[in-house]
Amino acid sequence: MNCPFCSFSDSKVIDSRPSDDRIKRRRECIKCHGRFTTYEIVEKPLLMVEKRDGSFQPFDRNKLIQGIYSAIKKRPVNIAQVSEIADYVENYFANKLCTVAESKEIGALVLNKLREIDPVSYIRFASVYEDFTDTESFVAVISELDKKKDSVSTEQES
């Protein structure tokens with residue numbers, strides 16, 4: 001970082017603190033002792049989503065949140081939990097340094113989180129994500145949830 005006053009290339013950090021999604025640093029030039037502020041942000045790679053039809057589009061956090069909202073309508077799931085799911089999905093791919101994700105992988109991550117939070121929201125999201133075409137598909141998902149619920153309760157009793 002060059003000093004904005006004298007263009008010297010070396011400075012020292014006097015103060016550093018988080019500010020929103022970035023870090024605010026107060027710096028002092030070693031040569032002229034001028035003080036200036038810099039902001040540091042984490043750059044996430046652009047994530048492209050591969051759709052079922054083979055097309056690609058940029059990942060859109062708002063689109064993901066809207067999909068989750070339609071599944072949690074009138075359910076006891078709060079905004080913070082929805083934001084947490086979206087953060088989890090974004091961080092999952094950023095940590096893997098992925099630039100392309102399949103839509104079914106994103107859907108599976110959301111389903112895993114919704115299963116933990118609210119079973120009805122899970123079934124609603126699964127009905128769209130899995131593209132249910134008949135009642136047997138619904139029954140299969142519900143019975144799968146019941147089996148997992150029963151296995152958890154028997155493990156806790158042991």
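Worth saying up front: this structure is predicted, and the values here are computed from it rather than measured. (Residues numbered from 1 in each chain as written. Predicted model: local features only at pLDDT ≥ 70, side-chain atom pairs only at ≥ 80, totals over all residues. Heavy atoms only, no water.)

Visitor: Could you clarify how one ought to interpret the nonpolar core in this entry?
Guide: Side chains that are nonpolar tend, in soluble globular proteins, to be buried together. Judged by nonpolar contacts, the single largest core of 29 residues is most densely connected at Leu64, Ile68, Val89, Phe93, Ile106, Val110 and Phe125. In this structure, Phe93 is in contact with Leu47, Cys98, Ala101, Glu105, Ile106 and Leu109, ignoring residues within four places of it in sequence. (Core = buried A, V, L, I, M, F, W, Y, C linked by side-chain atoms within 4.5 Å. Buried < 20%, exposed > 50% of the residue type's maximum accessible area, 1.4 Å probe, protein only. Contact = heavy atoms within 4.5 Å.)

Visitor: What exactly am I supposed to notice about unusual backbone geometry here?
Guide: Trans is the prevailing form of peptide bonds, just as negative phi is the prevailing case for residues other than glycine. The phi dihedral of Ser7 falls on the positive side, at around 65°, and the residue is not glycine. Mapping Ser7 onto the fold places it in the segment before strand E1 (11–19). Looking at Ser7, the relative accessible area reads 51%, which means it is exposed. The residue Lys74 is not glycine, and still its phi comes out positive at about 60°. (Helix = DSSP H or I, 4+ residues; strand = E, 2+ residues; numbered from the N terminus.)

Visitor: Could you clarify how one ought to interpret the pattern of salt bridges in this entry?
Guide: Where charged atoms from two side chains of opposite charge approach closely, those side chains can pair. This structure, assessed with the given rule, holds eight salt bridges. Here Arg75 ties to Asp118 by a salt bridge, and the two come within 2.8 Å at their closest N and O atoms. With a gap of 43 residues between them, Arg75 in the loop between helix H1 (61–72) and helix H2 (79–95) and Asp118 in the loop between helix H3 (103–117) and helix H4 (119–129) connect regions that are remote in the sequence. Among the charged side chains, a network of salt bridges with common partners joins Arg61, Asp87 and Glu90. (Salt bridge = Lys/Arg side-chain N within 4 Å of Asp/Glu carboxyl O.)

Read these as geometric descriptors, not functional statements.
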